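Structural features, examined
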Amino acid sequence: GAVVSQHPSWVICKSGTSVKIECRSLDFQATTMFWYRQFPKQSLMLMATSNEGSKATYEQGVEKDKFLINHASLTLSTLTVTSAHPEDSSFYICSAAAEAVGGTQYFGPGTRLTVL
Amino acid sequence: GENVEQHPSTLSVQEGDSAVIKCTYSDSASNYFPWYKQELGKGPQLIIDIRSNVGEKKDQRIAVTLNKTAKHFSLHITETQPEDSAVYFCAARDSSASKIIFGSGTRLSIRP
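Throughout what follows, the structure given in this document is the object of discussion. If you're wondering where the values come from, they're calculated on a predicted model, not measured in any experiment.

Reading the values: rules and limits
- Residues numbered from 1 in each chain as written.
- Chains lettered and ligands numbered in written order.
- Predicted model: local features only at pLDDT ≥ 70, side-chain atom pairs only at ≥ 80, totals over all residues.
- Heavy atoms only, no water.
- Phe/Tyr/Trp six-rings, centres within 6.5 Å; stacked < 30°, edge-to-face > 60°.
- Helix = DSSP H or I, 4+ residues; strand = E, 2+ residues; numbered from the N terminus.
- Buried < 20%, exposed > 50% of the residue type's maximum accessible area, 1.4 Å probe, protein only.
- Salt bridge = Lys/Arg side-chain N within 4 Å of Asp/Glu carboxyl O.
- 1 Å grid on protein atoms, 1.4 Å probe; cavity = no way out; pocket = protein on both sides within 12 Å on 5 of 7 lines; lining within 4 Å.
- Points joined across faces, edges and corners; volume = space filled by probe spheres on them.
- Nonpolar A, V, L, I, M, F, W, Y, C, P; charged D, E, K, R; others polar.

Glancing now at the packing of aromatic side chains. All names here are of chain A. Using the criterion set out here, one finds 12 aromatic pairs over all chains in the structure. Judged by centre distance (6.4 Å) and plane angle (40°), the ring pair of Phe67 and Tyr92 falls under tilted. With Phe67 in strand 7 (residues 67–73) and Tyr92 in strand 9 (residues 90–97), the pair connects residues that are 25 residues apart, well separated along the chain. Grouping residues by exposure puts Phe67 and Tyr92 together as buried.

Once that is clear, we can look at the pattern of salt bridges. Enumeration according to the criterion identifies 7 salt bridges over all chains in this entry. A salt bridge links Glu59 of chain A to Lys99 of chain B; the shortest N-O distance between them is 3.1 Å. With Glu59 of chain A in the loop between strand 6 (57–58) and strand 7 and Lys99 of chain B in the loop between strand 9 (86–93) and strand 10 (100–102), this pair bridges two chains. Its relative accessible area of 18% is what places Lys99 of chain B among the buried residues.

This next bit is on the layout of surface pockets. Empty pockets left among the atoms are what a rolling probe the size of a water molecule brings to light. As a volume, the largest pocket reaches approximately 420 Å³. Along the wall of the largest pocket there are 20 residues; nearest its centre are Gln38, Lys41 and Gln42 of chain A together with Val87 and Arg107 of chain B. Elements that contribute at least two residues to the lining of the largest pocket include exactly strand 9 and strand 11 (106–111) of chain B. Here the lining of the largest pocket is built from residues that sort into 7 nonpolar, 9 polar and 4 charged.

Here you go:
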């Protein structure tokens, strides 16, 4: 299957700082990328959907000014958690999809964010 | 929008036995149903998927069935092995958008 990478795999930051997470599709061009967050022992909750070159569509209840998403190219999307607080600590997972891979969503390995 | 329910939340089976996980969905226009396996600390891995134009799909020990009329779909794992222990998520693609809606997950444990 197609490969999606994320960087970093884990990050610890102080409260009030911003953290950027990168998501890359390695062997296909992703027209659409998705960002999820997952709390322990819970399911994946979609945060936003982004298409290359356009603004992201955020799910209800997700603050777009806090979670900045940029999808500048067909292989890279970034999620920036601004002014992070301890309640933002979570497992953030991206996925990428394209018609070239049958529209299937392939997921990255996730990024563990811990805010102190 | 789409809503996906998944049962059971936990499942323990003897090694070598079969495991079945069931899901229902609400949007009759949904047309794509993937299943993901997630191991601790990792991202979900696609293990099998089915589209609405077929009723069953099999890949070695894994099979998925789809009943569009009842809006049910199920994952069947035969001859379970210890490495099958993980959390499994069913999902459905919302027909109004490209996003996937996940079920709540099933924690599968394989007893030696």
